[in-house]
Amino acid sequence: MMSTAETERVLGSDYMHWAKTTHARARFNLANSGMRPYPFARLNVAPSDLELSGPSFYGYAPLQEAIARKCGVAADCVVAANGTSMANHLALAALVRPGDEVLIEHPAYELLVSTALYLGARVRRFARKADEAFRLDPAEIERELTPRTRVVVVTNLHNPSGALADEGTLREIGEMAGRAGARVLVDEVYLDATAGAPPRTSLHLGEQFVVTNSLTKVYGLGGLRCGWILAEPELARRMWRLNDLFGAMQPHPAELLSIVALAHLDEIGAESRALLDANRPVFNRFLASREDLDAPPVTDGTVSFPRLNGGNVDRLSELLAEKYETSIVPGRFFEMPEHFRVGIALDTDVLTEGLARLSSALDVLKRMG
Ligand SMILES: Cc1ncc(COP(=O)(O)O)c(C=O)c1O
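On a predicted model such as this, the values are computed, not experimentally measured, just so you know.

Trainee: Just checking my understanding: could you explain a nonpolar patch on the surface for this structure?
Mentor: On the surface, Phe57, Tyr58 and Met249 cluster together into a nonpolar patch covering about 350 Å² of accessible area. Checked against the element boundaries, Met249 lands in the loop between helix H7 (233–243) and helix H8 (252–263). Take Met249: its relative accessible area is 45%, and that puts it in the partly exposed class.

Structural data, given as structure tokens:
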């Protein structure tokens with residue numbers, strides 16, 4: 001598909017600005033892709049459990065070990081970062097030099113594209129097709145790989161569609177990238193939101209894989225900014241050294257709280273899973289009731305990315321904000337303006353009411369023609 005490399009240096013994110021200034025205010029926030037915030041009180045932390053400063057230089061060893069345990073990898077593969085946001089930035093910065101090609105899925109989480117452009121990469125794209133439920137197709141990647149491709153970037157689960165890529169597909173992509181001398185960056189920030197047991201991290205699929213993740217989306221723990229990169233130890237060491245130019249160290253109180261959260265992650269994750277299991281049928285019933293929306297039923301994850309047939313998504317979004325106290329993410333932020341993203345990881349009654357409002361706004365839009 002689109003093969004022209006984009007090279008314009010980007011110095012901000014329209015999507016992030018919109019997300020911070022606009023959608024966060026809506027009472028029925030269907031724009032949020034993550035789990036409702038997990039309350040601090042439920043972590044049962046006493047002030048005496050915390051300390052302001054500690055021995056966190058190239059990571060705080062107990063947290064390094066806790067993340068490594070969660071991911072089933074060795075601690076020297078783990079690089080701490082400020083959320084998946086900084087993990088993606090640091091991973092790309094370590095892998096890409098100005099002028100290198102980065103091959104990114106389309107549609108994509110905007111920050112992946114803008115970060116690569118900020119770093120001076122030439123960005124090429126490969127398609128995840130709406131009429132194939134946005135599946136990850138190795139043939140699409142093969143078509144766009146060139147000898148200058150340094151990194152192939154994918155999300156699993158896919159943001160914005162929630163599509164899950166299986167291990168065989170990822171392995172095939174890894175082998176293809178390996179032959180071309182490229183790495184595969186897999187952003188797994190939604191991976192633990194699969195309907196069944198979460199698959200293992202792609203780091204296990206080979207040395208060319210680099211993985212980013214955090215406790216934000218599936219666990220509602222974004223405030224901890226507990227993110228990480230998984231990479232083979234030599235690359236991980238390079239990332240630590242590069243991070244000295246960025247964040248240098250993580251805030252120690254957040255490291256201590258993250259250790260507590262990781263110790264309870266199974267229970268926190270079980271709650272997320274139960275909420276998503278309850279909400280997917282609610283959303284799928286809504287979807288089935290709308291002839292003006294095209295999307296496969298949600299089977300995994302926290303989001304859906306329907307196509308609005310015969311309507312204007314930006315008008316829908318404005319109408320929702322003005323009259324219905326409801327927000328969605330317009331598809332233009334994912335370079336597919338006829339689609340929009342809906343998040344389903346809200347309390348079930350809030351989701352139900354938000355979807356009722358979305359239905360009313362869609363009906364109004366249809367009457368307006
Ligand atoms: C694919 C993807 N990666 C990373 C992030 C940022 O996550 P974090 O809060 O861990 O920085 C998001 C947030 O929307 C996302 O959708």
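Trainee: Got a minute to help me understand helix H6 (residues 167–180) in this structure?
Mentor: In this model H6 runs 20 Å from its N-terminal to its C-terminal C-alpha over 14 residues, within 8% of the 20 Å that 1.5 Å per residue would give. By the burial criterion, the buried members of H6 are Thr169, Leu170, Ile173, Gly174, Met176 and Ala177. The buried residues of H6 occupy an angular sector of 165° when projected down its axis, which confines them to one face. The secondary structure elements touched by the buried residues of H6 are helix H5 (138–144), strand E5 (149–155), strand E6 (183–187) and strand E7 (209–214). For H6, the capping residue at the N-terminal end is Asp166, with a side-chain oxygen 3.3 Å from the backbone nitrogen of Gly168. Two residues or fewer past H6, Gly181 is found with a positive phi of approximately 75°.

Trainee: Help me understand the pairing of E6 in this model?
Mentor: Within a regular beta strand, the side chains point alternately toward one face of the sheet and then the other, so they alternate between its two faces. The element E6 is extensively covered by neighbouring structure, given that four of its five residues are classed as buried. Pairing of E5 with E6, which is carried by five bridges, proceeds in the parallel orientation. The residue bridging Val152 from the neighbouring strand is Val184, located in E6. Handedness of the β-α-β unit built from E5, H6 and E6 comes out right-handed. Strand direction decides the pairing type here: E6 and E7, joined by four bridges, are parallel. The residue bridging Leu185 from the neighbouring strand is Val210, located in E7.

Trainee: I tried to follow the packing of helix H3 (residues 83–95) against helix H4 (residues 110–118) on my own but got confused; where do I start?
Mentor: The geometry of a pair of packed helices is captured by two quantities: the angle between their axes and the separation between those axes. Where H3 contacts H4, the axes come no closer than 10 Å and their chain directions differ by 40°. The orientation of H3 with respect to H4, classified from their angle, is oblique. In this structure, H3 crosses over H4, and the sense of that crossing is right-handed. Touching Asn88, His89 and Leu92 of H3 are Leu112, Thr115, Ala116 and Tyr118, all from H4. For the contact of H3 with H4, the class distribution of residues is four nonpolar, three polar and no charged.

Trainee: What is the right way to look at the nonpolar core in this model?
Mentor: As a rule of thumb, nonpolar side chains are buried together in soluble globular proteins. Core analysis: the biggest nonpolar cluster contains 78 residues, and Ile141, Leu215, Leu221, Leu316, Phe340, Leu355 and Leu358 have the highest contact counts within it. Top contributing element to this core by residue count: helix H9 (residues 265–288), with eight residues. Other than its neighbours up to four places away in sequence, Ile141 contacts Leu103, Phe126, Leu136, Val152, Ile173 and Met176. Residues Ala19, Ala87, Leu235 and Val329 belong to the second largest nonpolar core, which totals 45 residues.

Trainee: What should I look at first to understand the sheet that holds strand E3 (residues 101–106) in this one?
Mentor: Here we have seven strands laid out as an open sheet, ordered E2-E8-E7-E6-E5-E3-E4, and mixed in their pairing. Both edges of this open sheet fall to strand E2 (78–82) and strand E4 (122–127), since each of them pairs with a single strand only. Sheet twist, expressed as the average angle between the axes of neighbouring strands with direction ignored, equals 25°. With six bridges connecting them, E3 and E4 associate as parallel partners. Note on E4: the bridge partner recorded for His106 is Ala127.

Trainee: In this structure, what is going on with the site of the ligand? I would like to understand it.
Mentor: Taken together, 14 residues lie near the ligand, and Thr84, Ser85, Asp187, Tyr190 and Ser214 sit nearest. Contact distances for the ligand include 2.9 Å between an oxygen atom and a side-chain N or O atom of Lys217. Between Arg225 and the ligand, the recorded distance is 2.8 Å, taken from a side-chain N or O atom to an oxygen atom. Here the ligand loses 94% of its free accessible area of 400 Å² to cover by the protein chains. With four residues, H3 is the single largest residue contributor to the shell around the ligand. Split into classes, the residues belonging to the shell around the ligand amount to three nonpolar, eight polar and three charged.

Trainee: Looking at this structure, I do not really get unusual backbone geometry. What am I missing?
Mentor: For residues other than glycine, phi is negative in most cases, and the peptide bonds are mostly trans. A cis amide bond links His106 with the next residue in sequence, Pro107, at an omega value of 5°. One can find Pro107 in the loop between E3 and H4. Following Asn159, the chain continues to Pro160 via a peptide bond in cis, the omega torsion being 25°. Its identity as a non-glycine residue notwithstanding, Phe134 has a phi of 60°, on the positive side. Among the structural elements, Phe134 can be located in the loop between E4 and H5.

Conventions used here
Residues numbered from 1 in each chain as written. Predicted model: local features only at pLDDT ≥ 70, side-chain atom pairs only at ≥ 80, totals over all residues. Heavy atoms only, no water. Patch = residues over 30% accessible without salt bridge, like charges linked within 9 Å, V, L, I, M, F, W, Y side chains within 5 Å. Areas by Shrake-Rupley, 256 points an atom, 1.4 Å probe, with all protein chains shown as cover. Salt bridge = Lys/Arg side-chain N within 4 Å of Asp/Glu carboxyl O. Helix = DSSP H or I, 4+ residues; strand = E, 2+ residues; numbered from the N terminus. Buried < 20%, exposed > 50% of the residue type's maximum accessible area, 1.4 Å probe, protein only. Expected span 1.5 Å × (residues − 1). Arc of directions from axis to C-beta. Contact = heavy atoms within 4.5 Å. Polar contact = N/O pair within 3.5 Å; in protein donor to acceptor, adjacent residues only side chain to side chain. Pairing = 2+ DSSP bridges. Right-handed = clockwise from strand over helix to strand, strands pointing away. Axes fitted to C-alpha atoms, helices over the stretch in contact; angles between N-to-C directions. Parallel < 35°, antiparallel > 145°, perpendicular 65-115°, else oblique. Left-handed = near helix turned anticlockwise from the far one by under 90°. Nonpolar A, V, L, I, M, F, W, Y, C, P; charged D, E, K, R; others polar. Core = buried A, V, L, I, M, F, W, Y, C linked by side-chain atoms within 4.5 Å. Near = heavy atom within 4 Å.

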